[in-house]
Amino acid sequence: MTEPADRPPAARKRGRPARTDAGTGPGARERILTAARAEFAEHGYDKASIRGIAKGAGVDPALVHHYFGPKEQIFAAAVEAAVAPAFSAPDALVEGGLEGAGERLARFVLGVWEDPVTREPFLAILRSAVANDTAAGIFRDLMTSRVMLRIAAELGGGPDAQLRTELAAAQLVGVAMLRYVIKIEPLASADIEQLVAMTAPAVQRHLTGA
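Owing to the predicted nature of the structure, the values given are computational and were not obtained by experimental measurement.

(A) View of the packing of helix 1 (residues 28-47) against helix 3 (residues 61-68). Where helix 1 meets helix 3, the axes come as close as 11 Å, and the angle between the chain directions of the two elements is 100°. The angle between helix 1 and helix 3 falls in the class roughly perpendicular. Together, Ala28, Arg29, Ile32 and Leu33 of helix 1 and Leu63, Val64, Tyr67 and Phe68 of helix 3 make up the contact between the two elements. Considered class by class, the residues forming the contact of helix 1 with helix 3 number seven nonpolar, no polar and one charged.

In structure tokens:
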């Protein structure tokens, strides 16, 4: 009886790539997020691609889709990871009540910007948000739900609590942009304690309305 000829290997089905060739593993998701931040920082939201993110992470593009879906969803995940340190701002605000809240909030926010470890990922995402409406909407919705509304609630609500919160944030973000992005002197090289002391009163007025 004739032996059957060797069958050619079956073609692998399309979809999620096999573990042996996809670079999967416990750190795959984190590598994709890191690569996504780099891709958005270098190319902006419009020109960033799933293929570029996959290449930077050393995985198959199908794995990026498997974990995150389309580009707007991986941008949202990258935003959340990059700005996560800012989510503790409401906690810093209420540690000692409204008295001294302006100084605590100023110290916390400027401290996030002062540290290169937290500043660089934040800036990478911010640049994409400034240049693209979709990216801006994702960034805005996340910061509003996770930071602004929580601070407004801690202020006791009221018709202008959210506006006062946003004015306080604008004060601090304006200082941060001029110091760390545009690097205007003498603001760029001023002592951080001096900046906190000079900024805190204005932030306190916005927060309390007094």
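(B) Up close: the layout of surface pockets. Here the largest pocket is characterised by a volume of approximately 560 Å³. The wall of the largest pocket is formed by 27 residues, among which Phe122, Met143, Met148, Ala169 and Val173 lie closest to the centre. Mapped by element, the contributors of at least two residues to the lining of the largest pocket are helix 6 (101-114), helix 7 (116-131), helix 8 (133-154) and helix 9 (161-182). Grouping the constituent residues of the lining of the largest pocket by class yields 23 nonpolar, two polar and two charged.

(C) Geometry of a nonpolar patch on the surface. Together, Leu178, Val181, Ile182 and Ile184 make up an exposed nonpolar region whose accessible area comes to about 310 Å². In this structure, Ile184 sits in the loop between helix 9 and helix 10 (192-208). What makes Ile184 partly exposed here is its relative accessible area of 40%.

(D) View of the pattern of salt bridges. Per the counting criterion, the structure on display carries seven salt bridges. Linking Glu80 and Arg146 is a salt bridge whose minimum nitrogen-to-oxygen distance equals 2.8 Å. Within this pair, whereas Glu80 is found in helix 4 (residues 71-83), its partner Arg146 is found in helix 8, the two being separated by 66 residues in sequence. The exposure class of Glu80 is partly exposed, given its relative accessible area of 35%. One network of salt bridges, with partners in common, ties together Glu103, Arg107 and Glu193.

Scoring rules and cut-offs
- Residues numbered from 1 in each chain as written.
- Predicted model: local features only at pLDDT ≥ 70, side-chain atom pairs only at ≥ 80, totals over all residues.
- Heavy atoms only, no water.
- Axes fitted to C-alpha atoms, helices over the stretch in contact; angles between N-to-C directions.
- Helix = DSSP H or I, 4+ residues; strand = E, 2+ residues; numbered from the N terminus.
- Parallel < 35°, antiparallel > 145°, perpendicular 65-115°, else oblique.
- Contact = heavy atoms within 4.5 Å.
- Nonpolar A, V, L, I, M, F, W, Y, C, P; charged D, E, K, R; others polar.
- 1 Å grid on protein atoms, 1.4 Å probe; cavity = no way out; pocket = protein on both sides within 12 Å on 5 of 7 lines; lining within 4 Å.
- Points joined across faces, edges and corners; volume = space filled by probe spheres on them.
- Patch = residues over 30% accessible without salt bridge, like charges linked within 9 Å, V, L, I, M, F, W, Y side chains within 5 Å.
- Areas by Shrake-Rupley, 256 points an atom, 1.4 Å probe, with all protein chains shown as cover.
- Salt bridge = Lys/Arg side-chain N within 4 Å of Asp/Glu carboxyl O.
- Buried < 20%, exposed > 50% of the residue type's maximum accessible area, 1.4 Å probe, protein only.

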